[in-house]
Amino acid sequence: MIKYNVAVVGASGAVGEELFRVLEDVNFPVGELLPLASSKSAGEVIEFNEKSYRIVELTENVFLGKDIDIAFFSAGGSISAKYAKYAVDAGAVVIDNTSHFRMFDHIPLVVPEVNPEDISQWRESGIIANPNCSTIQMVQLLKPLDDSYGIKRVDVSTYQAVSGAGKAGMKELVKQMQEFFTFKLSDTKPEAFAHQIALNVIPHIDVPQENGYTKEEMKMTNETAKIMHSNFPVSATCVRVPVLRSHSEAITIRFNDGVDIDIDRVKEVLENFENVKLIDDLESNEYPMPIISTDTDLTYVGRVRKDIFEDNVLHIWGVADQVRVGAATNSVRIAQKWIELEENC
């Protein structure tokens, strides 16, 4: 088996740590491994495939002479903006997990189950962008339905776990819950979020936009159009909830006029789509939940039902681990498809 030298930028972060786990889980053909992070984390040790690796400081010259084939970037948009070009210049393909490159026209934005053909565009820039976590799990459910019926409009409300804000978000929820049970929560000032997240929901993720939406919500609109090569409108409301891990989404899909949805066929289409699992038995209390999806690589769907007023409107509920499916796993799947493409050239 051909092996590939891999660099991971953001090796000490939540997504970086998950990347190592996913690479191990799928037995990715790693040759040499180069974990990279800021000077603050340099020198720390990570474990991968029963070997110890010391994290190296990310610099402009760190890729030189390392023969890196694939560089995963998960350290923030400003880091990718500054350092990705050095990895590309050194001969690596960059798979970027930040928002920085996603909407560049010449850079493919890829969910392998949905638009694997776009990976071939990587040669123009040397970069493949990984979409927003909420977008990834949504388009995995929209794609087979669009192919079957033709989507006219999508409205989605997300219920996003605190791990979407990284380790700081998870620590803040845990800390606040501990303080609640010791009657000290009222003394706590929020840091990772604008408001207390414990026992609360916050309908505000990312920067407000002039149109009244947030940047997170507009990511779902714009990224869906690019990934699916579509022009149907997507309107999102993104909400932070006190769940540690895995995002949930309530999705309403309007299909083309004249479509009469057959629910049995819808369920079959969803269940047969790659990396999607249907759990839908309301009477038996069986449906997707964060506690089910966490630490898995599947996107779960349930609560599948036709609208009671319009035959061409469908409602579904989707859940996925956004650290894995929405970040690390999707990045690794991109790398696997990239390898297939290169080895078949």
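Up top is the structure.
Computed from a prediction, not measured in an experiment: that's the story for all the values here.

What follows covers a nonpolar patch on the surface. A cluster of nonpolar residues, F180, F181 and L199, forms a patch on the protein surface that exposes about 330 Å² of accessible area. As for its position among the elements, F180 is in helix 4 (residues 166-181).

This brings us to helix 1 (residues 14-25). When the terminal C-alpha atoms of helix 1 are compared, their 17 Å separation across twelve residues agrees well with the 16 Å that a helix rising 1.5 Å per residue should span. Among all positions in helix 1, only A14, V15, G16, E18, L19, F20, V22 and L23 are buried. Along its buried surface, helix 1 packs onto strand 1 (4-9), strand 2 (30-37), strand 3 (45-48), strand 6 (70-73), helix 4 and helix 8 (324-343).

With that out of the way, let us pick up the pairing of strand 1. Counting buried positions along strand 1 yields six of six residues, so the element is predominantly enclosed. Residues Y4, V6 and V8 of strand 1 are buried on one face, and the alternating residues N5, A7 and V9, pointing to the opposite face, are buried as well. Pairing between strand 1 and strand 2: five bridges, direction parallel. Counterpart to Y4 in the pairing with strand 2 is V30. Each parallel crossover has a hand, and for strand 1 linked through helix 1 to strand 2 it is right-handed. Pairing geometry for strand 1 and strand 6, over four bridges, is parallel. Within strand 6, the residue paired with V9 across the bridge is F73.

Taken in spatial order, the six strands make up an open sheet running 10-9-11-14-13-12, and their pairing is mixed. Two strands in the sheet have a free side with no partner beyond their single neighbour: strand 10 (234-240) and strand 12 (276-278). Strand after strand, the sheet turns through a mean of 20° between neighbouring axes, direction not considered. Contacts from helix 5 (residues 215-228) reach strand 9 (151-160), strand 10 and strand 11 (247-255), with the element oriented near 145° to strand 10.

Spatial strand order, 5-2-1-6-7-8: six strands in an open sheet with parallel pairing. Only two strands of the sheet have a single neighbouring strand rather than two, namely strand 5 (56-57) and strand 8 (127-129). Sheet strands in contact with helix 1 are strand 1, strand 2 and strand 6, and its direction is about 155° off that of strand 1. Docked against the sheet, helix 2 (residues 77-89) engages strand 1, strand 6, strand 7 (93-96) and strand 8, running at close to 175° with respect to strand 6.

Rules used in this analysis
Residues numbered from 1 in each chain as written. Predicted model: local features only at pLDDT ≥ 70, side-chain atom pairs only at ≥ 80, totals over all residues. Heavy atoms only, no water. Patch = residues over 30% accessible without salt bridge, like charges linked within 9 Å, V, L, I, M, F, W, Y side chains within 5 Å. Areas by Shrake-Rupley, 256 points an atom, 1.4 Å probe, with all protein chains shown as cover. Salt bridge = Lys/Arg side-chain N within 4 Å of Asp/Glu carboxyl O. Helix = DSSP H or I, 4+ residues; strand = E, 2+ residues; numbered from the N terminus. Expected span 1.5 Å × (residues − 1). Buried < 20%, exposed > 50% of the residue type's maximum accessible area, 1.4 Å probe, protein only. Contact = heavy atoms within 4.5 Å. Pairing = 2+ DSSP bridges. Right-handed = clockwise from strand over helix to strand, strands pointing away. Axes fitted to C-alpha atoms, helices over the stretch in contact; angles between N-to-C directions.

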